[in-house]
Amino acid sequence: MTELPERRLLLVHAHPDDESINNGATMAAYAADGARVTLVTCTLGERGEVIPPGLAHLSGAALGQYRLGELTAAMRALGVDDFRLLGGPGRYCDSGMMGLPDNDDPDCFWQADVDEAAGHLVEVIREVRPQVLITYDENGGYGHPDHIQAHRVAMRAVELAADAGLPIAKVYWNRVPRTVGEQAFARLQDALPELPFTKTAVLDDVPGVVADERITTVVDGTAHTAAKTAAMAAHATQIEVSGEYFVLSNELAQPVFTTEYYELVRGQGGRTAPETDLFAGIEEAR
Ligand SMILES: [Zn+2]
């Protein structure tokens, strides 16, 4: 059996592109620093809206396959070589936006049995033995059914793993502190005339925004800005990047956050507050 690296980080996401938008700088930083970074993506995003007109013919399983290629390119940009689809590629399909008939598709992730899906994740946990897991809050950051389900499955897998003698020391949810978000959107307003975008999103469109006091952990990934923006750009069906700004298919500009923020929801934090290392306080990770 090969020996595991000392620090092992597991991220659980809904669709290809969520990892790069939310955690691209963190993933690049820890991978560059020798930690094992493992991404589990729950669906292939088969119901995503496609931005480039030349790729607009892609939908369903063909879009999923294409997005797997984009994910592969994004992981290359971040220096991450361990990425998997929950239960294998195509096991769970994209559920579409909340309230659409797509949500009733028996193969979609929203209809998945949470314990069964969590069981697939426990198998990854058994192999990788992460000390740290990152996922979304109970609203999935912004209410998309696959993001809510990813949260449920990840948190259930944490419980099942602990019951199986595979405890995960620290669990984090993705966050953006409100004042940081406000400042970033103010800079975006100033930059907009120079950008190829015409309108901006608003801060409430950004997943995981909370009061600053809830932030426990700040990962300064500014040294990995180029890797993060390259990874986001690799998801070209979903994201258009310009400098440190981007749009999704709604064409509303948003800032790229290269310092990434977290709320510790399980486990003990490090001695300083906020922490600057996801592994702070984990003895065996030293
Ligand atoms: Zn998503």
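Predicted model only: the values in this text are computed from it and were never measured.

Brief notes about the sheet that holds strand 6 (residues 199-200)
Next up, step 1: The strand order across the open sheet built from four strands is 6-11-10-9, with neighbouring strands paired in mixed fashion. Each of the sheet's edge strands pairs with one partner strand only, and the pair in question is strand 6 and strand 9 (240-242).
Next up, step 2: When strand 6 meets strand 11 (residues 252-255), the two strands line up parallel, connected through two bridges. Bridge pairing links Thr 200 to Ala 253 in strand 11.
Next up, step 3: Across the sheet, helix 5 (residues 178-191) lies against strand 6, strand 10 (245-247) and strand 11, angled at about 125 degrees from strand 11, the strand it touches most.

Regarding the UniProt feature "binding site: Zn(2+)" (unreviewed entry) in the protein chain
Next up, step 1: Listed under "binding site: Zn(2+)" (unreviewed entry) in the UniProt record, and renumbered for this structure, are His 15, Asp 18 and His 147. The largest pairwise C-alpha distance within this set of annotated residues, which runs over 133 residues, is 9.4 Å, so the set is compact in three dimensions. Lining residues of the largest pocket drawn from the annotated list: His 15, Asp 18 and His 147.
Next up, step 2: Here His 15 lies in the loop between strand 1 (8-13) and helix 1 (18-32).
Next up, step 3: Those residues in contact with His 15 that lie beyond four places of it in its chain are Thr 41, Thr 43, Gly 45, Arg 67, Asp 94, His 144, Asp 146 and His 147.
Next up, step 4: Secondary-structure assignment places Asp 18 in helix 1.
Next up, step 5: If near-sequence neighbours (up to four positions away) are discounted, Asp 18 is found in contact with His 13, Asn 23, Tyr 136 and His 147.

Focus on the coordination of the zinc ion
Next up, step 1: Bound to the zinc ion on the protein side are His 15 (ND1), Asp 18 (OD), Asp 18 (OD) and His 147 (NE2), at distances that span 2.1 to 2.5 Å.
Next up, step 2: For the zinc ion, the four donor atoms are set out with angles of 54 to 144 degrees between them, so the coordination reads as irregular.
Next up, step 3: Within one chain, the residues serving as donors to the zinc ion are arranged as H-x2-D-x128-H. Residue His 15 shares its accessibility class with Asp 18, and that shared class is buried.

Reading guide: rules and limits
- Residues numbered from 1 in each chain as written.
- Predicted model: local features only at pLDDT ≥ 70, side-chain atom pairs only at ≥ 80, totals over all residues.
- Heavy atoms only, no water.
- Pairing = 2+ DSSP bridges.
- Helix = DSSP H or I, 4+ residues; strand = E, 2+ residues; numbered from the N terminus.
- Contact = heavy atoms within 4.5 Å.
- Axes fitted to C-alpha atoms, helices over the stretch in contact; angles between N-to-C directions.
- UniProt positions renumbered as here; feature names shortened; annotations may be inferred.
- 1 Å grid on protein atoms, 1.4 Å probe; cavity = no way out; pocket = protein on both sides within 12 Å on 5 of 7 lines; lining within 4 Å.
- Donors = N, O, S within 2.8 Å, 3.2 Å for Na, K, Ca; no water.
- Tetrahedral: all angles 85-135°; square planar, octahedral: opposite > 155°, others 65-115°.
- Buried < 20%, exposed > 50% of the residue type's maximum accessible area, 1.4 Å probe, protein only.

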